[in-house]
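For reference, the chains in residue letters:
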Amino acid sequence: MVICIANTGYEVSLEPRKVYEVLRDPVAARHGQLRVIDESGEDYLYPQSHFAEIVLPKSIRKAVLAAG
């Protein structure tokens, strides 16, 4: 999971301070991108610099994912 720390250029798709689910994408990561499920409910590539990784305890992570 990541938290959005900047949405410059993606104001419609990303909300600052919002937690997003990330899908593993090694190719995107090599290019400085993250595959994030955004406000549309679909996954898209965004610059890694727009996010900070957060580590949640397993029980909280499960609850957050279930609420989405």
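Residues numbered from 1 in each chain as written. Predicted model: local features only at pLDDT ≥ 70, side-chain atom pairs only at ≥ 80, totals over all residues. Heavy atoms only, no water.

We now examine the overall build of the protein. Of regular secondary structure, the protein possesses two helices and six strands. Starting at the N terminus, the α and β elements of the protein follow one another as β-β-β-α-β-β-β-α. The C-alpha radius of gyration of the protein comes to 12 Å, within 12% of the 11 Å expected for a compact globule of 68 residues. Taking all 68 residues of the protein together, the buried fraction comes to 22%. At a minimum sequence separation of 6, the contacts of the protein that also span at least 24 residues come to 40%. In the form shown here, the protein has an accessible surface area of approximately 4700 Å², with 55% of it arising from carbon and sulfur atoms. On the protein, the mean spot of the 8 positive side-chain charges and the mean spot of the 9 negative ones are 9 Å from each other. (Helix = DSSP H or I, 4+ residues; strand = E, 2+ residues; numbered from the N terminus. Rg over C-alpha atoms; globule rule 2.2 N^0.38 Å. Buried < 20%, exposed > 50% of the residue type's maximum accessible area, 1.4 Å probe, protein only. Contact = heavy atoms within 4.5 Å. Areas by Shrake-Rupley, 256 points an atom, 1.4 Å probe, with all protein chains shown as cover. Lys, Arg positive; Asp, Glu negative; His and termini not counted. Charge placed at Lys NZ, Arg CZ, Asp CG, Glu CD.)

The geometry of two aromatic rings is summed up by the distance between their centres and the angle between their planes. Scanning the entire structure with this criterion turns up three aromatic pairs. Measuring from centroid to centroid gives 6.2 Å for tyrosine 20 and phenylalanine 51, while their planes differ by 85°, and the two rings are edge-to-face. Taken together, the positions of tyrosine 20 in strand E2 (residues 19-20) and phenylalanine 51 in strand E6 (residues 51-53) put the pair 31 residues apart, joining distant regions of the chain. You'll find tyrosine 20 and phenylalanine 51 in the same group, each marked buried. The rings of Tyr10, Tyr20, Tyr46 and Phe51 are connected pair by pair, giving a single aromatic cluster. (Phe/Tyr/Trp six-rings, centres within 6.5 Å; stacked < 30°, edge-to-face > 60°.)

Inspection of the sheet shows strand E4 (residues 33-37) paired to strand E5 (residues 43-47) by five bridges, in the antiparallel sense. Across the sheet, residue glutamine 33 finds its bridge partner in E5, namely proline 47. The hairpin turn running from E4 into E5, its antiparallel successor, is five residues long, and glycine 41 in that turn takes a positive phi close to 90°. (Pairing = 2+ DSSP bridges.)

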